[in-house]
Structure formats: structure tokens, C-alpha cells
Amino acid sequence: MDKSSKVYVAGHTGMAGSAIVRGLISRGYVNIVTKTRSELDLLDQTGVKEFFEQEKPDYVFLAAAKVGGIQANNEKRAEFLYDNLVIEANIIHGAWKAGVQDLLFLGSTCIYPRDCPQPMKEEYLLTGPLESTNEPYAVAKIAGIKMCESYNAQYGTRYTSVMPSNLYGPNDNYSLESSHVLPALVRKAHEAKLRGDSTFAVWGSGNPKREFLYVDDLADACIFLMERGVSEGMYNVGLGADVTIRELAEIVMEVIGFKGEIKFDSSKPDGTPRKLVDVSKMNALGWKATTSLRDGLVLAYQDFLKGAQLFQNRS
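Residues numbered from 1 in each chain as written. Predicted model: local features only at pLDDT ≥ 70, side-chain atom pairs only at ≥ 80, totals over all residues. Heavy atoms only, no water.

An unreviewed UniProt entry lists the protein chain under the name GDP-L-fucose synthase, with Shinella sedimenti given as the organism. Recorded under Pathway (unreviewed entry), the UniProt text for the protein chain is reproduced unchanged: "Nucleotide-sugar biosynthesis; GDP-L-fucose biosynthesis via de novo pathway; GDP-L-fucose from GDP-alpha-D-mannose: step 2/2." If you open the UniProt record of the protein chain and go to Sequence similarities (unreviewed entry), you find "Belongs to the NAD(P)-dependent epimerase/dehydratase family. Fucose synthase subfamily." (UniProt positions renumbered as here; feature names shortened; annotations may be inferred.)

Have a look at this one:
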């Protein structure tokens, strides 16, 4: 990648996309193309096709997606499947039609089987049943991976896929209805602290284990792959270590300063028992995450506080 190359970041207002834009700017890239939803509806095939024909970017980061936590995934299964399939198909096909040779697609570790051996290696894809609560989203992401592989095989493109572990950090979604576990815990603990509560509720048993990756580390990995000219394949990106939900809640309490106790709601689903990715492929290329979970949580909480009043006003 040359610093003057035209780089399109799809989904630049989201957590991952905005981190990629920050990462590109910090590295001196000066020709970054972004479009808001009002400017370009990624569900509109004709609009996406015309955009690529006009802009003809040199590189594409496909970070646009409909995302959410267990509740949102389970209740809006059709939306998560349809929206993500259409966004991927429109961008990947539109990029190819416009002659874009280099594209990086952001997937998710939910693509791996529910009872996948740990840590999860890239070759474990499609070796077992998916977790039922987010199966539609996972199926859509698997389709995106296979689109990249298929276009590479048939058309000689250089489309790569990245599977990040659970992301958190600036520009996260802290809605209690649609957020992932970490931002939900941050908001719950913060509001419990403000109210002076003695407890705050955590979904499930607290026993499942999850891996969390600070979003700027993900952005660094994506740009690293593109700058190295990695031309194909699928790469796990993670911290390389996981914690139980109970341990996560305890770290959140410490960072926020909540002195009460955790109350687990066992009537709520746990989801996949464990999700730890094998990051040996990325490590072999020379990349490794650098932000610890606690350090990242401090930064994430600082970002949360900037919008905390907004959440309180909506409650």
C-alpha cells in the first residue's frame, strides 16, 4: 500500500471501521474514502455498483455489518442473516466488477462450531454445528469468507478474511438491548455504581470463557495484513488469552470502582462454552496484540464516560 493509495473503509462509523480509519490516518494514509449510510446504502446493489465504478478504490476494508449480542442475534435472526449476506455480496462483487484486487473482509469467531476444540484454529471452520443463538449471523459471515475464497480462485483477486475475537473499545455499542457482553457489563456496573446498588446483574452462570481484543489492535492487524500484501486465506486475530465471564465482570467492577457484588441470572443463556482463537498464523507473520484486557478496559471506560449522559437520558 502506498500512502496515497485510495482506500475505501466500508462501515467507518462502526467500532471496527472507525478504528481502521484511525489506524490508517496515524500511518499517514491521505486518500481514505468513507460513506455514511445516508450517502450510500450498502443494501442497495445498484448504488454500491455505481459507487465502485465512480470511486475505483485501490484497497477495500469491509468492516460494515449488522452486529449485536445474544439477545439481538436470537430475536432478529432474519435481519442478521439477510442484511449481512446482502452487504457482503454487494461490496465483494462490486469491488471485483470495478477491478479492485485487494480487499479485507472482517468476519467473526462465531463462524466456528459451538463445541470447537480450543484454541480454535482456522481449519476448524465447518467441522461441526454452530451455536444456535447466533447461527444466522455466523452463516452470513461464513458466506463472506467463501465469497472471498471463490473470487480469488475464479478471478485471481487478493481477498483476505480476518476473524477477530470479541471486540471492545472506542465507539462501542452500549445499548442493553443489542450490545455484546463487555459493553453491557460496563454500562450495568457504571449505572449500578451511580445508583448506589449493592449488586449488578450478569446474564448466565458466569462460567463461559471469552477472549477480548481491543479494537485498535484489530485495526493494526488488518492494516498489517494489507501492507504486507497477504493475498488470500483466513486469519484469526485475538489476544491469545481468555477469561470467564465472572472474571471479566470482576475486572469491569475494579476499573469502574463498583464495590458491590455480582448477581448471576442463570435463566439467561450462556452461549458458546468457550471461544479462544489460535493466533499462531498471525504471530508467524510477525503480528501480536499489544493491549492487555485491563488496560483496554480503562480506555474503553473513558470512551464510555463521554457518552454516559446520553445513555442516562434515554433510560
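A. Main features of the environment of L126. Residue placement: L126 occurs in the loop between β4 (102-106) and α5 (135-155). Judged by relative accessible area, which is 55%, L126 ranks as exposed. Sequence separation between L126 and P113 is 13 residues, and the spatial gap between their C-alpha atoms is 7.0 Å. Among all residues touching L126, those that are not within four sequence positions of it are I142 and K146. (Helix = DSSP H or I, 4+ residues; strand = E, 2+ residues; numbered from the N terminus. Buried < 20%, exposed > 50% of the residue type's maximum accessible area, 1.4 Å probe, protein only. Contact = heavy atoms within 4.5 Å.)

B. A look at the nonpolar core. Of all hydrophobic cores here, the largest spans 40 residues; its most connected members are Y8, L42, F52, I91 and L103. Of all elements in the fold, only β1 (7-10), α2 (45-55), β3 (59-62), α4 (77-97), β4, α5 and β5 (158-164) reach the threshold of two or more residues within this core. Sort the elements by how many residues they give to this core and α5 lands first, with seven residues. The residues touching L103, leaving out its near neighbours within four places in the chain, are V60, I91, I92, A95, C148, R158, Y159, T160 and M226. Judged by nonpolar contacts, the second largest core, of 32 residues, contains V7, Y29, Y59 and A219. (Core = buried A, V, L, I, M, F, W, Y, C linked by side-chain atoms within 4.5 Å.)

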